[in-house]
Amino acid sequence: MKYRFISTPVGSLLLAGDDDRLALIGFPQGKGHVSPGADWVRDDNAFAEAARQLAEYFAGARKHFDLQLAPHGTSFQLSVLAELEKIPFGETCSYADIANRLGNPRAVRAVGAANGRNPLPIVIPCHRVVGADGSLTGFGGGIATKQWLLDHERQVTAG
């Protein structure tokens, strides 16, 4: 697996994957912190397109990502990730909303667990999922990072 780090307003993000397919984004702290594996190869030129699109996102110039991704997970987890990608920039929805969209309204906790295992945060926008009461719930990069991302998107949307 190749990897590199990029500097962002939410800290140094780890980008990792094989070839040009991004499989993982890791945060600098929190439960989403990822350290490179012993057999990983650092390549500061890898994932140039992902780095460019993330820079555009943080600059407020990009609302959608168009990258070759290689997310991993069970078929249910991948179906949750597919639903996350449909949440519009600057908007939020609840775990129950995702469960309902999947046709399984009782799967709220399973949706939460799948959301928490998202290997590609920001690009697959799990930060846009909030509690039923609108509260900010767990996030791999920490609640402060989740709040920053939501505020950033609202500011960009507001102009």
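What counts and how
Residues numbered from 1 in each chain as written. Predicted model: local features only at pLDDT ≥ 70, side-chain atom pairs only at ≥ 80, totals over all residues. Heavy atoms only, no water. Pairing = 2+ DSSP bridges. Helix = DSSP H or I, 4+ residues; strand = E, 2+ residues; numbered from the N terminus. Contact = heavy atoms within 4.5 Å. Axes fitted to C-alpha atoms, helices over the stretch in contact; angles between N-to-C directions. Phe/Tyr/Trp six-rings, centres within 6.5 Å; stacked < 30°, edge-to-face > 60°. Buried < 20%, exposed > 50% of the residue type's maximum accessible area, 1.4 Å probe, protein only. Lys NZ or Arg CZ within 6 Å of the ring centre and 35° of its normal.

Visitor: Quick question: what am I supposed to make of the sheet that holds strand β4 (residues 41-42) here?
Guide: Backbone-to-backbone hydrogen bonds pair the strands of a sheet. The strands run either parallel or antiparallel. An order of β3-β2-β1-β4 is seen for the four strands of this open sheet, with the pairing classed as mixed. The open sheet terminates on both sides in strands that have one partner only, identified here as β3 (21-26) and β4. Judged from the seven bridges that link them, strand β1 (residues 2-8) and strand β2 (residues 11-18) form a sheet pairing that is antiparallel. For Lys2, the partnering residue across the bridge sits in β2 and is Gly17. Here helix α1 (residues 48-58) sits on the sheet in contact with β1, β2 and β3, set at roughly 20 degrees to β1.

Visitor: Whenever I open this one, the packing of aromatic side chains confuses me. Can you help?
Guide: Both the distance between ring centres and the angle between the ring planes are used here to describe each pair of aromatic rings. Enumeration according to the criterion identifies seven aromatic pairs in this entry. Aromatic pair Phe27 and Phe139: ring centres 5.3 Å apart, planes at 65 degrees, arrangement edge-to-face. Linking Phe27 in the loop between β3 and β4 with Phe139 in the loop between β6 (129-130) and α5 (143-158), this pair joins segments that are 112 residues apart in sequence. For the residue pair Phe27 and Phe139, the accessibility class agrees, reading buried in each case. Ring geometry for Tyr57 versus Phe65: centroids 5.6 Å apart, planes at 40 degrees, classification tilted. Classification of Tyr57 as buried rests on a relative accessible area of 0%. Each residue in the set Tyr57, Phe58, Phe65, Phe89 and Trp148 is aromatic and connected to the rest through ring pairs, giving one cluster. One cation-aromatic arrangement involves Lys2 over Phe47; the distance from NZ or CZ to the ring centre is 5.8 Å.

Limitation: the analysis is restricted to geometry and does not speak to function.
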